[in-house]
Amino acid sequence: MAERGRTLAMGEQEAVAGTAIEAPFGRALAALGRTRPEVVGVTADLGKYTDIHPFRDAFPDRYFNVGMAEQNLIAVGAGLAKTGKIAYCTTYGVFATRRAYDFIAIACAHSRAAVKIVAGLPGLTTGYGGTHQAIEDLALAAMIPGLTVIDPCDATEIMQATAAIADVDGPVYMRLQRAQVPVVLDAQRYRFAVGKAALLRDGADVAIVATGIMTPRAIEAAGALAAAGVSAAVLHMPTIKPFDRDAVASLAARTRAVVTAENHVMRGGLASLVAEALFDAGVARRLERIGIPDQFVECGSVPHLQKKYGLTTDAIVAAAKRSLGA
Amino acid sequence: MPPVNQPLDAPPLAFLAEKAHRMRRHMLAMARRLGQGYIGQGLGIADALAALYFYELRYDPADPRWAGRDRFVLSTGHYSIALWATFAEAGIIPVDELASYGADDSRLEMSTLDTTPGVEMIGGSLGHGLGQAVGMALGLRLDGSPARVFCELSDGELQEGSTWEAAMSASHFGLDGLVALIDCNGIQADGTIVLKMEPVADKFRAFGWDTVEIDGNAMDQVVAALRGARPRNGKPKAIVLRTIPGKGVKTLETRERAHFVRVDPDEWDKLAAELETAHG
Ligand SMILES: Cc1ncc(C[n+]2csc(CCOP(=O)(O)OP(=O)(O)O)c2C)c(N)n1
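Residues numbered from 1 in each chain as written. Chains lettered and ligands numbered in written order. Predicted model: local features only at pLDDT ≥ 70, side-chain atom pairs only at ≥ 80, totals over all residues. Heavy atoms only, no water.

**Here we look at the interface of chain A and chain B**
Taken together, the contact pairs 25 residues of chain A with 25 residues of chain B. Summing both partners gives a buried area of about 2,000 Å² for chain A against chain B, and 62% of it is carried by carbon and sulfur. Contact with chain B buries area across many residues of chain A, yet Asn72, Lys82 and Thr83 of chain A alone supply 25% of it, more than any other trio. Joining chain A to chain B, the criterion identifies 2 salt bridges. For Lys85 of chain A, the salt bridge goes to Asp143 of chain B, with nearest N and O atoms at 2.7 Å. Remark: the boundary between chain A and chain B carries 7 residue pairs in polar contact (both at pLDDT 80 or more). (Contact = heavy atoms within 4.5 Å. Buried area = accessible area lost by both parts, 1.4 Å probe. Salt bridge = Lys/Arg side-chain N within 4 Å of Asp/Glu carboxyl O. Polar contact = N/O pair within 3.5 Å; in protein donor to acceptor, adjacent residues only side chain to side chain.)

Structure representation (structure tokens):
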């Protein structure tokens, strides 16, 4: 019998294939802190687990740990912002959105405060079950007026986005990948811009629209599809809000079908936004969706959960073929 | 330079009482025009706001965003009637504008928005103020600013967990430039306090705050408590204000304790007369 996977301890990590960068968010924040004295870090007893320690070590007097108190994390961040600071507040996505939602909505978004919420454990990147897997955070965050929402795909993008969101006028919710984070995008060539989609690969048959950790899988899927004679484009959507609707509609208009791939429930996130963009632009295309079903997910090893719930390259390939009626 | 700057000489108690009286008069007029408005709360907190804005706070009415200002965070957005009356007396907004309280497209909303000059925080969702005040105090300290942060909160807000998250962090961070004024007026939405909160002062002491408990409608006590909160001794300060909703207007003081005090349309003249009589 094959050896079964297991739920890893918090902070443990599956082996990463290929190039990776350790703690890209914390490194980028520390670098940003050197040129931007107004940048401060706040966490709620999850500093280690959200990779903010490089910033803490570089700027101990600009780092505040409020303890396990997520409402206060966001309130304190908002208060700091009101004295001219740019407050990077870190916790897990579930606790930011579910526990502190009212504070994000009112103290940050309604108040246009420079609070940058950096949210760990997006979707099925942890085996800790429904309490820890932020599976609906993008929908919750994007629903708040004036909140910018980012789901970066790799270490390169996390580092660029960490700096870029400082210049967003108002609050941001950004998903985090921590510890060893794969490098997929070429840091020399790629340029993250808030609100802009990135066409990572062009294609004529099917448009794969992906965000977050699903983007590297979409790139792999496009490669596999090419080998099977299907020309697939990959449109990466690092910004969920404001959503680059034109990029989606114009790519879809010159392909025959659309596949969405997100590490998130399929309602209220990427798939819904793509469907809305297509409908509004009058571009009718078959839409196949890859994402987490409308349910809480159990504990387990991350590869097992991702496979079980279809967050894989193979699932994208199959969806693309289905979308073309193959 | 700001006109009010933590004076060291004897507090001008008669002047402050006169300010509080004028603010109450404004509030009655505002509530009368609207036929409602949180008049009980406003009358109750008037003395504390007068002491703050005309004795303790450093600010510039001509430039409410002056970076060196002390912050006053009104955590209870529904107390806006009191804030607008204070702002008018302080010259932050024109007195005439008070007539627009609660009107469509007015800056003087029923619940505070931070787009109105002088307002530091969007109120309305109770339990937000103290945490934001902690963040402001941290930010000002980081800047080396001597400015302090004063935060009003209500007894009902002591039931919000976020208030205690903030209280814990304030003492942990040693925010001695933070002063909380807790308006214990004994009422909340469903009537008199529905969940036992006493002993309030002991709770704050247990959370590491320098705490005093006073009659929040006695100007000499309010001023003394504010002076007592000046030392930068490593601890946040809590002033528990025991206030009477409707203070200054006999009929309202003795009316049934209610979140929305009932006033009949033909009563306003009588209430206004009572206010003037009580002030003497
Ligand atoms: C978080 C939150 N819960 C509930 C309410 C509805 N609400 C408005 S005022 C109030 C009572 C508040 O009591 P207190 O703050 O002591 O104010 P007072 O009755 O003295 O006006 C409630 C429950 C609210 N505004 N915010």
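And the narrative resumes.
**Some remarks on unusual backbone geometry**
Along the chain, Lys241 of chain A connects to Pro242 of chain A via a cis peptide bond; the corresponding omega equals -5°. Omega for the peptide link from Glu198 of chain B to Pro199 of chain B comes to -5°, which places this bond in the cis form. Among the secondary structure elements, Pro199 of chain B is positioned in the loop between strand 5 (191–192) and helix 6 (200–206). Unlike most non-glycine residues, Ala23 of chain A shows phi in positive territory, near 50°. With respect to the element layout, Ala23 of chain A can be found in the loop between strand 1 (20–22) and helix 1 (24–35). Of note, Asp51 of chain A is a non-glycine position whose phi angle comes to about 65°, a positive value. In this fold, Asp51 of chain A is placed in the loop between strand 2 (39–43) and helix 2 (53–58). (Helix = DSSP H or I, 4+ residues; strand = E, 2+ residues; numbered from the N terminus.)

**With respect to the confidence of the model for chain B**
Here chain B averages 95 in pLDDT, while 98% of its residues score no lower than 70. Among the scores for the predicted complex, ipTM is 0.95 and pTM is 0.96. (pLDDT = per-residue confidence, 0-100.)

**Regarding the state of the cysteines**
All names here are of chain B. In total, this model carries 0 disulfides over all chains according to the counting rule given. There is no disulfide at Cys151, and the cysteine sulfur nearest it, in Cys184, is 13 Å away. Residue Cys151 is classed as buried on the basis of its relative accessible area of 0%. (Disulfide = S-S within 2.5 Å. Buried < 20%, exposed > 50% of the residue type's maximum accessible area, 1.4 Å probe, protein only.)

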